[in-house]
Amino acid sequence: DGSVTHTNDVEGGSNWWMVNLMGTATIRDVKIYNRMYCGSQCMSWLNQFVIEVLDYDMNVVSSLAYNDTAGAIIHLLMENAEGSYIRISNANTYLCLAEVEVFGTKLYDFPTFSPTSIPTTVPSLSPKPNLALNKPAQQSSTGSNAGADLAVDGNTNGNFNDGSVTHTNDVEGGSNWWMVNLMGTATIRDVKIYNRMYCGSQCMSWLNQFVIEVLDYDMNVVSSLAYNDTAGAIIHLLMENAEGSYIRISVSDKY
């Protein structure tokens, strides 16, 4: 009926199939529909296989080895692994799949770097104006000519080489900070921080620990939040309607 995949047999090697989820999601479970109406022989090609969840950089973040008599449907729990690709592989036999269903929660889409007919979306509250857009910004130091204003230019492209990502100089034993002047006093409901991307987990991890502060007109801190988690592409923080005029983000001993 023309709706089943089929690889070539690879003696001594591996056959694999992979799907790109076009974003990052929490993977709850996967259903694999086996090839049917061919006797036990071709159904048995799924008696042994490995299913993997991979992140955006194609690193394996979760892996599960299946070793059982395959039926018409194989239902696997993936323990809420967070990733962007699903890969299924076996060794020394054909890989045939009638259908693969992936269930979970979409966290964010891959960023788009030019206008598209379907814009990239991320989970958000009801739309509100970006109070920081094109407002004066400064930072503790500047590295690689990547000034503070690049974080409020309206371009969320996380590729540093495309020229819209800030960069400070490393301060051993000290603090790096970035700050925007909102040019007035506002009630701050939430803040979205777009991380640097396409550089592996190392530079993304520079935002694993930071402090974000709301300051009033006289530069007094009126609200402070310490973030301590694995940073993804977008960090969305609720600021509990703090009232202030400046937003400052700071880290210690790193860029």
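Residues numbered from 1 in each chain as written. Predicted model: local features only at pLDDT ≥ 70, side-chain atom pairs only at ≥ 80, totals over all residues. Heavy atoms only, no water.

Caption draft 1: Region of the structure containing the sheet that holds strand 5 (residues 99-109). Strand order in the open sheet formed by 5 strands is 3-2-4-1-5, and the pairing between neighbours is antiparallel. The open sheet has two edge strands, strand 3 (60-67) and strand 5, and neither has a second partner. For this sheet, the mean inter-axis angle between neighbouring strands, taken without regard to orientation, is 25 degrees. Both strand 1 (residues 14-33) and strand 4 (residues 73-91) contribute to a ladder of 15 bridges, which runs antiparallel. Opposite I27, over in strand 4, you have A81 as the bridge partner. (Pairing = 2+ DSSP bridges. Helix = DSSP H or I, 4+ residues; strand = E, 2+ residues; numbered from the N terminus. Axes fitted to C-alpha atoms, helices over the stretch in contact; angles between N-to-C directions.)

Caption draft 2: Molecular detail of the state of the cysteines. Taken as a whole and assessed by the stated rule, the structure comprises 2 disulfides. Covalently, C38 is tied to C42 through a disulfide, its sulfur atoms 1.4 Å apart. With the S-S bond torsion at 70 degrees, the cross-link from C38 to C42 turns out right-handed. Among the residues examined, C38 registers a relative accessible area of 26% and is labelled partly exposed. For C199, the disulfide goes to C203, at an S-S distance of 1.6 Å. Across the S-S bond of C199 and C203 the torsion is about 70 degrees, and the bridge reads as right-handed. By relative accessible area, which is 5% here, C203 ends up buried. Cysteine pairing in the protein chain follows 1-2, 3-4, where each cysteine in a disulfide is numbered by its order in the sequence. C96 takes part in no disulfide bond, and the closest cysteine sulfur to it belongs to C42, at a distance of 6.8 Å. (Disulfide = S-S within 2.5 Å. Buried < 20%, exposed > 50% of the residue type's maximum accessible area, 1.4 Å probe, protein only.)

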